[in-house]
Amino acid sequence: MFRSRLSTLYALLAFICIFTAGLYYTHLSITADRKEQQLLVEEVVSAQADAIERRLNQALSSTYILAQEVRRSDGEFRDFNKFAREVMDTLGGLSALQLAPDGITRQVYPLTGNEAGIGHNLLFSDDRRKEAREAVNSKKLTLAGPFPLVQGGVGLVGRNPVFLVRNGQSHFWGFTTALIHLQDLLAVTELEQLEQKGYAYTLSRRHPDTGHTDIFARSGQPLHDFQVSDDIRVPNGNWTIIVSRSVSFTLSAVTGIGISLLIAGVVALLLHRIMQEPERLRGLVKHQTSQLEQLAFKDELTGLANRRFLTEKLEQAIVHSQREGEYLALMYLDLDDFKRINDSTGHEDGDRLLRTIAQRLQEAVREADIIGRIGGDEFAIVLLNIKSADHACIVAEKIIKNISKPVPLGQYEAIISASIGVTLAPDDGSSSSELLRNADLAMYNAKRAGKNQLSFYNKTMQQKALHSMKLEEELRQALHHQEFFLMFQPIISLSNGSNVKFEALLRWQHSGRGVLNPGSFIETAELTGLIVPIGYWVIEAACEFIRQQLQSSTNVRPVAVNLSICQLRERAFAGKVESILTRLQIPPHLLELEITESMLMENVELAMSLIQRLKQLGIRMSIDDFGTGYSSLSQLRQLPFNSLKIDRSFVMDLETSLVDQQMVEAITAMVHKLNLKVVAEGIETKQQMLFLKKTGCDYGQGFLFARPLPASEALQYRGHAALAEKDQRSA
């Protein structure tokens with residue numbers, strides 16, 4: 001009886017212990033699940049808050065650009081509509097931009113739909129004048145709203161006070177204002193998709209007048225009990241985003257209790273094992289909790305810091321560098337043409353490529369530096385305790401070199417490059433958001449400069465970017481309004497002074513700056529691709545000049561036209577040139593196309609293919625600026641050129657430089673061996689001309705003979721009289 005009672009007691013004790021352990025396990029599991037859901041929702045909230053804050057900061061930066069232009073023009077803002085349109089197209093997310101001198105709205109872009117705003121006094125008549133006055137008093141940008149707009153919808157208004165310094169004193173000029181529709185701001189988030197997945201959300205602020213919580217955006221369904229909030233930093237205030245998700249732990253609890261009862265029923269056979277179960281479960285829960293914490297701060301694909309964790313680390317690094325008097329650099333890196341590789345090989349290979357890039361970034365920096373994946377194919381690197389900008393430059397160049405190495409992807413190898421923007425603290429900013437924005441701008445500048453390079457942020461970068469975009473638009477307008485024209489510089493026979501051909505030289509009759517030479521706009525034209533339509537226009541205009549010669553029954557002289565590397569890459573180039581010649585009824589041998597030696601060497605196979613096609617049409621071909629590239633005699637033999645131009649750099653010092661004299665003699669002799677004609681450009685003195693003639697150079701071009709002539713004068717030009725007279729006397 002005693003033993004039976006004792007066994008029952010042991011069984012009861014074992015049952016109690018095991019059942020208690022089972023309940024504890026259930027509690028820990030539910031706690032772990034709850035924490036997992038908590039971390040997941042926190043990640044979702046952080047991502048949406050970051051997206052809203054970044055888009056809002058980007059849109060509000062437009063007011064600083066407008067303010068800078070107001071200060072630059074000393075309050076006399078010209079071409080506001082064009083300037084505002086360029087800013088809105090560049091930054092995105094804006095509904096309207098305004099200028100309010102003395103606080104009164106005078107200019108709005110776009111005006112359509114915003115007419116009611118003209119004449120509005122922001123400091124007195126506006127119901128939200130509190131924020132406007134706060135902006136003047138604090139001399140800082142303030143944000144009003146969201147609130148219903150007169151023109152419909154809900155929006156926000158950022159007002160940036162502008163002060164001008166006159167006679168040594170700062171005077172309030174007025175406001176530069178940005179209008180942002182709330183729906184445009186929220187379009188950058190994933191809140192709509194999250195709502196379809198069962199999430200609920202609200203966006204709220206503390207109302208500046210009542211002090212109460214003002215919810216200005218919410219999901220269709222109310223918030224659930226399980227919710228997480230995050231702050232969104234905005235000028236002169238904070239917003240709060242709350243995201244919730246319906247989560248039930250009842251099934252887990254019931255299942256846990258049932259399993260505990262089952263285990264407790266087999267006391268005698270599993271006593272020892274059950275006694276150890278709680279310890280094992282504690283370790284398992286601890287491990288799972290550790291993994292969840294890692295997921296909250298790490299990018300799942302690459303293992304690098306995610307955006308939230310990197311931002312926190314960057315803020316800490318800024319505080320440390322300020323306290324210790326040290327410098328740090330922030331790099332913003334974007335892979336060039338990653339979408340093309342991702343679309344052509346598949347997302348699996350794209351993920352493999354991103355992991356390889358992450359590994360190469362880690363190899364290129366110190367262990368103490370911070371690397372994060374911002375999103376997609378964008379990465380950020382924080383270099384701690386650097387001595388100078390040169391240190392950041394060296395690391396960036398090392399990263400560019402490492403990334404450019406081929407990446408094996410199954411049966412293929414991907415070749416990719418990266419554009420890097422670099423900003424320094426404390427010189428360029430003292431907050432993570434400011435440094436990230438500056439680095440992003442610098443990266444965009446590197447993209448525009450041709451990709452696969454780095455660019456440092458500076459305060460004039462915004463102005464340069466806007467100037468480049470303005471020049472691009474002006475070039476488009478110049479093409480549309482026929483503002484280009486050609487000048488023609490004669491090319492002279494050094495043996496008798498006759499005019500053997502012309503070189504067509506492009507000019508731009510700019511409406512505001514007068515006549516512009518190509519050097520002031522060709523680079524932008526090539527970067528934007530506008531050089532292609534401009535190039536076709538030049539060829540057609542040159543053919544029109546040839547047709548004028550044919551119609552006037554004069555001695556028709558060929559016209560040479562310079563080509564761009566962008567035109568060489570055009571597959572349909574030869575066909576379009578043939579179409580122009582046919583339409584204008586121009587004999588092909590009267591058109592000569594010049595290709596620089598450096599262009600030829602950039603892609604020999606492509607150049608050979610195109611030149612062969614053009615020669616088949618009967619067009620003459622010439623090498624321009626010879627001596628500045630690295631072509632070989634064997635390459636020249638393979639290409640059917642008619643003539644070769646010696647670069648002016650060899651001609652300018654012919655009177656004093658023995659090396660240049662020997663180079664010209666060698667080039668002339670070599671080219672004559674290939675049965676090509678030699679043209680020397682940049683002849684400005686009689687001594688240069690006499691030496692070239694003595695050397696055997698066939699033709700000359702330069703100010704000594706004639707400057708570029710308009711078409712009317714070029715039609716009457718016959719040659720260099722002094723050379724012709726001398727040749728007759730010699731005869």
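Refer to the structure printed above.
Structural notes, computed from the coordinates.

## Quick notes on the sheet that holds strand β11 (residues 370-375)
Strands pair in a sheet through their backbones, by hydrogen bonds, and they do so in one of two ways: parallel or antiparallel.
Logical step 1: Pairing is mixed across the open sheet formed by five strands, whose spatial order is β11-β12-β10-β15-β16. Looking at which strands have only one partner, the edges of the open sheet turn out to be β11 and β16 (454-456). Pairwise comparison of adjacent strand axes, ignoring direction, gives a mean angle of 20° for this sheet.
Logical step 2: Pairing of strand β10 (residues 327-336) with strand β12 (residues 378-386) involves seven bridges; the strand directions are antiparallel. Paired with Leu333 across the strands is Phe379, a residue of β12.

## Some words on the sheet that holds strand β4 (residues 154-166)
Logical step 1: Strand order in the open sheet formed by five strands is β2-β1-β5-β4-β3, and the pairing between neighbours is antiparallel. At either end of the open sheet lies a strand with only one pairing partner, and these are β2 (107-109) and β3 (142-148). The average angle at which neighbouring strand axes cross in this sheet is 20°, direction not considered.
Logical step 2: Bridge analysis of β3 against β4 gives five bridges, and the strand direction is antiparallel. By the bridge assignment for β4, Ala144 is matched with Val157.
Logical step 3: Strands in contact with helix α2 (residues 80-91) are β1 (96-101) and β2; relative to β2, the strand with the most contacts, it is inclined by about 40°.

## Points about the packing of aromatic side chains
Logical step 1: Per the counting criterion, the structure on display carries 13 aromatic pairs.
Logical step 2: Aromatic pair Phe172 and Phe175: ring centres 5.3 Å apart, planes at 70°, arrangement edge-to-face.
Logical step 3: For Phe172, a relative accessible area of 25% puts it in the partly exposed group.
Logical step 4: Looking at Phe175, the relative accessible area reads 0%, which means it is buried.
Logical step 5: Each ring, one from Phe484 and one from Trp537, has its centre 6.1 Å from the other, and the planes form 50°; the classification is tilted. Taken as a pair, Phe484 in strand β17 (residues 484-493) and Trp537 in helix α15 (residues 531-551) lie far apart in primary sequence, 53 residues in all. Like Trp537, Phe484 is buried.
Logical step 6: Three or more aromatic residues joined by ring pairs make a cluster, and in this case those are Phe484, Trp508, Phe521 and Trp537.
Logical step 7: Seen from the ring of Phe163, Lys139 lies directly overhead, with NZ or CZ sitting 4.9 Å from the centre.

## Regarding the pairing of strand β23 (residues 643-646)
Logical step 1: Here β23 shows a buried face lined by Ser643 and Lys645 and a second buried face lined by Leu644 and Ile646.
Logical step 2: Here three bridges tie strand β22 (residues 620-626) to β23, and the two strands are oriented parallel to one another. Within the sheet, the bridge partner assigned to Phe626 lies in β23 and is Ile646.
Logical step 3: Where β23 and strand β24 (residues 677-681) come together, four bridges link them in parallel fashion. From the neighbouring strand, Ile646 faces β24, where its bridge partner is Ala680.

## Concerning the packing of helix α22 (residues 658-673) against helix α23 (residues 686-695)
Logical step 1: At a minimum axis distance of 10 Å, the contact between α22 and α23 shows a crossing angle of 40°. Where α22 crosses over α23, the handedness of that crossing is right-handed. Residues Gln661, Val664, Glu665 and Thr668 of α22 pack against Phe691, Leu692 and Thr695 of α23.

## Some words on the pairing of β17
Logical step 1: Of all 10 residues that make up β17, nine are buried, and the element is covered over most of its length.
Logical step 2: In textbook terms, the turn of a hairpin is the stretch between consecutive antiparallel strands, and for β17 and strand β18 (residues 499-510) this stretch comprises five residues, one of which, Gly497, has a positive phi near 80°.
Logical step 3: As paired elements, β17 and strand β25 (residues 699-701) share two bridges and run antiparallel to each other. The residue bridging Ile492 from the neighbouring strand is Gly700, located in β25.

Rules used in this analysis
Note on numbering: residues in each chain are counted from 1, in written sequence order. Only residues with pLDDT of at least 70 are given local features in this predicted model, and only at 80 or more are side-chain atom pairs given and counted; all residues enter the totals for whole chains, interfaces and linings. Note that the side-chain values use all heavy atoms of the structure and ignore hydrogens as well as water. Pairing between strands is defined by DSSP: at least two bridges between the two strands are required. Strands are runs of DSSP state E lasting at least 2 residues, helices are runs of H or I lasting at least 4, and numbering of each runs from the N terminus. Interaxial angle, 0 to 180 degrees, is taken between N-to-C directions of lines fitted to C-alpha atoms, where a helix line uses only the stretch in contact. We call two residues in contact whenever any of their non-hydrogen atoms come within 4.5 Å of each other. Stacked, edge-to-face and tilted are the three classes for Phe, Tyr and Trp ring pairs, Trp counted by its six-membered ring, which pair at centre distances within 6.5 Å; planes under 30 degrees apart are stacked, over 60 edge-to-face, the rest tilted. Note on classification: 1.4 Å probe, protein chains only; a residue is buried when its accessible area is under 20% of the maximum for its type, exposed when over 50%, partly exposed between these limits. Here, a charge over a ring is recorded when the distance from Lys NZ or Arg CZ to the ring centre is within 6 Å and its angle to the ring normal is within 35 degrees. We call a crossing left-handed when the near helix sits turned anticlockwise from the far one by less than a right angle, and right-handed when that turn is clockwise.

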